[in-house]
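Summary of structural features
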Amino acid sequence: MRFALRNKDKLIQAFGESFYCELVECLKKYFESDTANDRCSIDGLNKEAIKVTSSTAGGIHIFAVIGQMYDVVKLAYYKTENNE
């Protein structure tokens, strides 16, 4: 399965290039794993979501599933929750 992350330029502008690169790396690892079809519901979000473990920040990145065509899932970054 593959993914497409929306708003690359806006994410880089808001959070920086290194944060964007970490998001992409975490998503690559997630979609290579067996859990790539695990989706959940989140209060306040009317779309399905996926939760991806952060490799450096020690938290969980949450992405809204905007759509899917064939084996490509279109995602939008929602937020990062810290494990504290």
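Just so it is clear, the structure is predicted and the values come from calculations on it, not from any experiment. (Residues numbered from 1 in each chain as written. Predicted model: local features only at pLDDT ≥ 70, side-chain atom pairs only at ≥ 80, totals over all residues. Heavy atoms only, no water.)

**Things to note about unusual backbone geometry**
For the record, the criterion: The helix count covers DSSP runs of H or I at least four residues long, the strand count covers runs of E at least two residues long, and both are numbered beginning at the N terminus.
Positive phi outside glycine occurs at Asn7, with the angle close to 60 degrees. With respect to the helices and strands, Asn7 occurs in the loop between strand E1 (2–5) and helix H1 (8–15).

**With respect to the packing of H1 against helix H2 (residues 17–32)**
The condition that has to hold: The angle between two axes is taken between their N-to-C directions and runs from 0 to 180 degrees, where each axis is a line fitted to C-alpha atoms and a helix contributes only its stretch in contact. Angles below 35 degrees are treated as roughly parallel, those above 145 as roughly antiparallel, those between 65 and 115 as roughly perpendicular, and all remaining angles as oblique. Between two residues, a contact is recorded if the distance between any of their heavy atoms is within 4.5 Å. Each residue receives one of three labels: charged for Asp, Glu, Lys and Arg, nonpolar for Ala, Val, Leu, Ile, Met, Phe, Trp, Tyr, Cys and Pro, and polar for the others, Gly being one of them.
One can describe the packing of H1 onto H2 by two numbers: an axis separation of 7 Å at closest approach and a directional angle of 130 degrees. Our classification of the angle between H1 and H2 gives oblique. Contact residues: H1 offers Lys8, Leu11, Ile12 and Phe15, while H2 offers Glu17, Phe19, Tyr20 and Leu23. Of the residues assigned to the contact of H1 with H2, the class counts are six nonpolar, no polar and two charged.

**Quick word on the sheet that holds strand E3 (residues 59–69)**
Put simply, the rule reads: A pair of strands counts as paired when DSSP detects no fewer than two bridges linking them.
Spatially, the four strands line up as an open sheet ordered E1-E4-E3-E2, and their pairing is mixed. Lying at the two open borders of the sheet, with one neighbouring strand each, are E1 and strand E2 (49–53). Strand after strand, the sheet turns through a mean of 40 degrees between neighbouring axes, direction not considered. Where E3 and strand E4 (residues 72–82) come together, 10 bridges link them in antiparallel fashion. Residue pairing for E4: Phe63 is matched across the bridge by Tyr77.

**Side note on the nonpolar core**
Note the threshold: The definition of a nonpolar core used throughout is a set of buried Ala, Val, Leu, Ile, Met, Phe, Trp, Tyr and Cys residues joined through side-chain atoms within 4.5 Å. Each residue is assigned to one of three classes by its accessible area relative to the maximum for its type, calculated with a 1.4 Å probe on protein chains only: buried under 20%, partly exposed between the two thresholds, exposed over 50%.
Counting 17 residues, the largest nonpolar core has Leu5, Leu27, Phe31, Ile50, Val52, Phe63 and Leu75 as the members making the most contacts within it. Where this core is concerned, the elements lending two or more residues are H2, E2, E3 and E4. For this core, the leading source of residues is H2, giving eight residues. Setting aside residues up to four positions removed in sequence, Val52 forms contacts with Cys26, Leu27, Tyr30, Gly59, Ile60, His61 and Phe63. Leu45, Ala49, Ile62 and Ala64 belong to the second largest nonpolar core, which has five residues in total.

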